[in-house]
Amino acid sequence: MEMALTNFRFGSSIEDHVLEPEKISILDGIFKIDPTCLTELVQKKNLEKLYEFDGIYGKASDLITDIDGGICSTAEDIALPHEAFGSNTYKRPPSKSFFQFVVEAFKDLTILILLGCAVLSLAFGIKEHGPKEGWHDGGSIFVAVFLVIAVSAVSNYRLNRQFDKLSKVSNNIRIEVVRNGRRQQISIFDIVVGDIKCLKIGDQVPADGLFLDGHSLLLDESSMTGESDHVEVNSSRNPFLFSGTKVADGYARMLATSVGMSTLWGPMMSQISRDSGEQTPLQARLNKLTSAIGKVGLIVAFMVLLVLMVRYFTGNTTDENGNQEFIGSKTKVDNTVNAVVGIVATAVTIVVVAIPEGLPLAVTLTLADSHS
C-alpha cells in the first residue's frame, strides 16, 4: 500500500494502486492523514504545523491529489474521500408535520378565547333553550374556529413544503473544479476532500481548504466573523480558506480539506432553523389590533356582567310581567341559577361579538395569496 501511494500519479485510478480490492473500504491505508487533524490544522490556521508536514503540496499528496490535474472523476475515486471525510451537506432540522401546524394554529390567543366562548355559549344555550335550539350559537363559533384552524394549517404546511423545495434548488449551485486535468462543473454538494476548486470574484467558498495559487485573493468573511474588512489570502502568510466566505477580489485555486459538518460553516448552518417564529409586519399589526379589540371586549363584558349581577341581586330587575325577579330567600334556587346563566351568557355574547373571529382567517388567506 505504501508503495502504491508513493508511485501515485495523475491519470491513474486509486484502484490501480490498491493491491487488495476487497479491502478498499479500509480508508486508513489509503489516506495518510487523519481527518480530524487536517480539520483542526486549517480551522486554527496553524501555519507552522502545516509546513512541518511538507506544506500544502504535502497535504495534497496525503489526500492523493495531483496539484495540476486534481483527482480522478471515476465513481470509485469520488466515493473514497466521500466515505473517509463525509459529504458537503449540513444537518437540517426535520420538516414540520401537518399536526404541528395544527397545534401552532391552536396557540393563537384569539382562537383560544373563541374556543372558551364557544364552550360557554354552548353550555348556557343548551341550559336556557334546550339541546334542540340551544346549540346554534356555540356550534356556529366552533365551525368558525375549525375553518380558521384548517385553512391556517393547510396554508402554512403548503408554504413550508414550497420553501423546502426552493431552498434545495437555490442552495444547489454549480461550482468549477479540476478533475482529470480539466475544469468541469459539478454541484456544490458533490465536492469532496481533495478536490481543487477554482475561485473568482463573487464565488462562495464551498469548503474549508488551502490556497494553492492565484492573484490578489481577498475574501469577505463578514458572514462568519462579522468583520467588514476583507481578508487577504496567499501562500506565505495566510493560505487558509473557509466555507461560507465569498471572494471579494482576485482569483485562485484551492485544495478542499474539510466539507460539510467538518467545516466552520457547517455547525453554524445546521443551527439555523427555517422557522424562526418571527411574524410578518402584517401579522404583527393585525395581531396587535386583535389583542386590543379583545381586551376592550373583555373589559366591557366584565363591566356588563358586574352591573347586571348587582342589579339582579339588589332587586332592581323585573320579569315580563313587571314582577321583581330576586326577592332574597323567597326566590327559588332554580330561578336564581337560570337568571345568573342568562347574565353570563350575555357577557359571553359581548366577548364573541367584540373579537373578530374572521380576522385570523383573513390574515391567513391574505398571506397565502401574497406567497402564491
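Predicted, not measured: the structure shown is a model, and the values here were computed from it.

This part takes up the packing of aromatic side chains. Each aromatic ring pair is summarised here by two numbers: the centre-to-centre distance and the angle between the ring planes. As enumerated under the stated definition, the model contains three aromatic pairs in all. With a centroid separation of 6.1 Å and 80° between ring planes, the pair formed by Phe101 and Tyr157 is classed as edge-to-face. Residue Phe101 is found in helix H6 (residues 98–106), and its partner Tyr157 is found in helix H8 (residues 136–171); the two are separated by 56 residues along the sequence. On the numbers, 5.1 Å between centres and 80° between planes, the contact of Tyr312 with Phe313 is edge-to-face. What links up through ring pairs into an aromatic cluster is the set Phe98, Phe101 and Tyr157.

Side chains that are nonpolar tend, in soluble globular proteins, to be buried together. If you look at the biggest cluster of nonpolar residues, it comprises 20 residues, and the most contacted ones within it are Ile141, Val145 and Ile149. Sorting the residues of this core by element identifies H6, helix H7 (109–129), H8 and helix H12 (333–354) as the ones contributing at least two each. Of all the elements, H12 adds the most residues to this core, at six residues. Aside from chain neighbours lying at most four places away, what touches Val145 is Ile111, Leu114 and Leu115.

In the contact formed by H7 and H12, the axes pass within 9 Å of each other and the chain directions differ by 145°. Taken as a pair, H7 and H12 cross one another with a handedness that is left-handed. In contact with Ile113, Cys117, Leu120, Ser121, Phe124, Lys127 and Glu128 of H7, H12 contributes Asn338, Val341, Gly342, Val344, Ala345, Val348, Val351 and Val352. Here the residues of the contact of H7 with H12 sort into 10 nonpolar, three polar and two charged.

Time to look at the side chain of Asn88. With respect to the helices and strands, Asn88 occurs in the loop between helix H5 (75–85) and H6. Residue classification places Asn88 among the buried positions, given a relative accessible area of 3%. A polar contact of 2.8 Å, which involves the side chain of Asn88, links it to the backbone oxygen of Ile188. Separated by 3.3 Å, the side chain of Asn88 and the backbone oxygen of Pro206 make a polar contact. Setting aside its immediate chain neighbours within four residues, Asn88 contacts Ile188, Phe189, Ile191, Pro206, Val259 and Gly260.

With that settled, the discussion passes to the environment of Thr290. Among the structural elements, Thr290 can be located in helix H11 (residues 281–313). With relative accessibility at 6%, the residue Thr290 sits in the buried group. The spacing of Thr290 and Leu109 is 181 residues in sequence and 9.2 Å in space, taken between C-alpha atoms.

Next up on the list: the confidence of the model for the protein chain. The pLDDT averaged across the protein chain works out to 76; a share of 79% of its residues lies at or above 70. Across residues 1–29 the pLDDT falls below 50, and counting only partners more than four positions away or on other chains, this stretch makes 37 contacts in the model.

Bringing the environment of Ile196 into the picture now. Relative to the helices and strands, Ile196 is located in strand E3 (residues 196–199). For the pair Ile196 and Leu212, spaced 16 residues apart in sequence, the C-alpha to C-alpha distance is 8.7 Å. When sequence neighbours within four positions are dropped, the list of residues in contact with Ile196 reads Thr65, Asp66, Ile67, Gly70, Glu176, Val177, Val178, Leu212, Arg253 and Met254.

Let us look at a nonpolar patch on the surface. Side chains of Ile299, Phe302, Met303, Leu306 and Val310 sit close together on the surface and give an oily, nonpolar patch of about 520 Å² of accessible area. Relative to the elements of secondary structure, Leu306 occurs in helix H11.

What follows covers the pattern of salt bridges. Tallied over the entire structure, the rule returns seven salt bridges. Where Arg179 meets Asp195, a salt bridge forms, and the shortest distance between an N and an O atom there is 2.6 Å. Placement of the pair is Arg179 in strand E1 (residues 174–179) and Asp195 in the loop between strand E2 (182–187) and E3, with a sequence separation of 16 residues. Owing to a relative accessible area of 6%, Arg179 belongs among the buried residues under this scheme. The shortest N-O distance in the salt bridge between Arg253 and Asp213 comes to 2.8 Å. Placement of Arg253 in strand E7 (residues 246–258) and of Asp213 in strand E4 (residues 208–220) is noted, with a sequence separation of 40 residues between them. By relative accessible area, which is 32% here, Asp213 ends up partly exposed.

Time to look at unusual backbone geometry. Positive phi values are uncommon outside glycine, yet Lys45 reaches one of about 50°. Among the secondary structure elements, Lys45 is positioned in the loop between helix H2 (35–43) and helix H3 (47–52). The class of Lys45 is partly exposed, set by a relative accessible area of 36%. Backbone geometry places Asn180, a non-glycine residue, at a positive phi of 55°. Inspection of the secondary structure assignment puts Asn180 in the loop between E1 and E2.

Cut-offs used in this document
Residues numbered from 1 in each chain as written. Predicted model: local features only at pLDDT ≥ 70, side-chain atom pairs only at ≥ 80, totals over all residues. Heavy atoms only, no water. Phe/Tyr/Trp six-rings, centres within 6.5 Å; stacked < 30°, edge-to-face > 60°. Helix = DSSP H or I, 4+ residues; strand = E, 2+ residues; numbered from the N terminus. Core = buried A, V, L, I, M, F, W, Y, C linked by side-chain atoms within 4.5 Å. Buried < 20%, exposed > 50% of the residue type's maximum accessible area, 1.4 Å probe, protein only. Contact = heavy atoms within 4.5 Å. Axes fitted to C-alpha atoms, helices over the stretch in contact; angles between N-to-C directions. Left-handed = near helix turned anticlockwise from the far one by under 90°. Nonpolar A, V, L, I, M, F, W, Y, C, P; charged D, E, K, R; others polar. Polar contact = N/O pair within 3.5 Å; in protein donor to acceptor, adjacent residues only side chain to side chain. pLDDT = per-residue confidence, 0-100. Patch = residues over 30% accessible without salt bridge, like charges linked within 9 Å, V, L, I, M, F, W, Y side chains within 5 Å. Areas by Shrake-Rupley, 256 points an atom, 1.4 Å probe, with all protein chains shown as cover. Salt bridge = Lys/Arg side-chain N within 4 Å of Asp/Glu carboxyl O.

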